[in-house]
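Architecture at a glance
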Amino acid sequence: MLFCSIKGANRGYIQVLLATSRNRIYFRRRSNVIIPYKRKKKQPLSKEEKLHNKQLASIRVRIEHKIGQIKTFKIMSDVYRNFQKKYGLRFNIIAGLVNFKCGF
């Protein structure tokens, strides 16, 4: 499960949750969850459903790559042993460095 902001049609950015297909039952009733389509027995996915899954996968990959880049700074991968008050500030600085590196 990943939280992200996706650019909406006319309202700016929308906060959504990208869930995998195994979380389908838990998130079925929520409105801000995007779940990939799953094929049924002996019935392949349509072209629109495959395109939707492919677009969703491309968004997930970009987000997971950013998380991996943040983990190279060891702020998310290890136990944070400094002052807890400065954790948010340092995390935002590291996220800004990762975004600056990628041109955002």
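For the structure itself, look to the data block above.
So, a few notes on the structure that sits alongside this text. What you see is a predicted model; the values in this text were computed from it and never measured. (Residues numbered from 1 in each chain as written. Predicted model: local features only at pLDDT ≥ 70, side-chain atom pairs only at ≥ 80, totals over all residues. Heavy atoms only, no water.)

1. A word on the overall build of the protein
When its secondary structure is counted, the protein shows two helices and three strands. Helices and strands in the protein line up, N terminus first, as β-β-β-α-α. Evaluated residue by residue, the protein yields a buried proportion of 21% over its 104 residues. (Helix = DSSP H or I, 4+ residues; strand = E, 2+ residues; numbered from the N terminus. Buried < 20%, exposed > 50% of the residue type's maximum accessible area, 1.4 Å probe, protein only.)

2. A word on helix α1 (residues 47–71)
With 25 residues, α1 extends 36 Å from end C-alpha to end C-alpha; this agrees with the ideal 36 Å at 1.5 Å per step. N53, L56, R60, I63 and I70 are the residues of α1 that are buried. (Expected span 1.5 Å × (residues − 1).)

3. Things to note about the packing of α1 against helix α2 (residues 87–102)
Running from N to C, α1 and α2 cross one another at 120 degrees; their axes reach a closest spacing of 10 Å. In terms of orientation, α1 and α2 fall into the oblique class. The handedness of the crossing between α1 and α2 comes out as right-handed. In this structure, α1 uses K66, Q69 and I70 to contact α2, whose residues at the interface are F91, I94, A95, V98 and C102. Here the contact of α1 with α2 is built from residues that sort into six nonpolar, one polar and one charged. (Axes fitted to C-alpha atoms, helices over the stretch in contact; angles between N-to-C directions. Parallel < 35°, antiparallel > 145°, perpendicular 65-115°, else oblique. Left-handed = near helix turned anticlockwise from the far one by under 90°. Contact = heavy atoms within 4.5 Å. Nonpolar A, V, L, I, M, F, W, Y, C, P; charged D, E, K, R; others polar.)

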